[in-house]
Amino acid sequence: YDMATHVPDVKVVGIELNKTNIEFARKHYKHPNLCFIHGNALKELPNETFDVVTLSNVLEHIEKRVEFLKKIVGQIKPKRLIIRIPSFERDWRVPLKKELGIDYRLDPTHYIEYTQKEFVSELHQAGLKVAHIESRWGEIWSVVEYEKKLK
């Protein structure tokens, strides 16, 4: 909603698996440049191209992340991706819990909570490269582009 209302001449499409969340979004966030799709982004990406794809706390919930990123790049053909993920390095207790065999994840549906090195490695496997990266409040925030563009 913020993107649709603050960026002129932009079309924003949100995809959500949970039907209740879609119904809430459609009711509370109305704008002519904003569309919400109820669907599974792993199986049903829109059949159109977009300049930017935003994945905000999404990747960690996906088992086959490299394949998903490749699918986005191949089908949607964005110029860049904006990705936000929880950081494994958010607190000293996280690696300690992992070492002790205690669940360290913020959410039990997370397949991974990335170190910066793991994140960059997965991006590289998908043919992507970090254009900008920073850590904020226990998360990794990044702008990602095709590797060939940055060479």
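It should be emphasised that the depicted structure is a prediction, and the values quoted were computed from it without experimental measurement. Positions within a chain are numbered from 1, following the residues in the order the chain's sequence is written. Two thresholds apply to this predicted model, a pLDDT of at least 70 for residue-level local features and 80 or more for giving and counting side-chain atom pairs, whereas whole-chain, interface and lining totals are computed over all residues. The side-chain values count all of the structure's non-hydrogen atoms but skip hydrogen atoms and water molecules.

Details of the environment of Val-13
Strands are runs of DSSP state E lasting at least two residues, helices are runs of H or I lasting at least four, and both sets are numbered from the N terminus onward. Note on placement: Val-13 falls in strand 1 (residues 12–16). Accessibility here uses a 1.4 Å probe with only protein chains present; expressed as a share of the type maximum, an area under 20% marks a residue as buried, one over 50% as exposed, and anything in between as partly exposed. Given a relative accessible area of 22%, Val-13 falls into the partly exposed group. Along the chain, Val-13 and His-61 lie 48 residues apart, while their C-alpha atoms are 20 Å from each other.

Re the sheet that holds strand 5 (residues 128–136)
Spatially, the four strands line up as an open sheet ordered 3-4-6-5, and their pairing is mixed. Looking at which strands have only one partner, the edges of the open sheet turn out to be strand 3 (52–56) and strand 5. On average, each strand axis in the sheet is tilted by 15° relative to the strand beside it, whichever way the strands run. Contacts were defined at the residue level, with two residues in contact if any of their heavy atoms lie within 4.5 Å. In this analysis an axis means a line fitted to C-alpha atoms, helices contributing only their contacting stretch, and an angle means the value between N-to-C directions, from 0 to 180 degrees. Packing against the sheet, helix 3 (residues 65–76) makes contact with strand 3, strand 4 (80–86), strand 5 and strand 6 (139–146), and its axis sits at approximately 155° to strand 3. The sheet contacts of helix 5 (residues 116–125) involve strand 4, strand 5 and strand 6, and relative to strand 5 the element is tilted by about 160°. When DSSP finds at least two bridges between two strands, those strands are taken to pair.

Observations concerning unusual backbone geometry
At Asp-9, a position not held by glycine, the phi torsion is positive, near 55°. Mapping Asp-9 onto the fold places it in the loop between helix 1 (2–6) and strand 1. Residue class for Asp-9 comes out exposed when judged on its relative accessible area of 81%. Phi is positive for Asn-57, which is not a glycine, with a value near 55°. Looking at where Asn-57 falls in the secondary structure, it is placed in the loop between strand 3 and helix 3.

Purely geometric numbers; function is a separate question.
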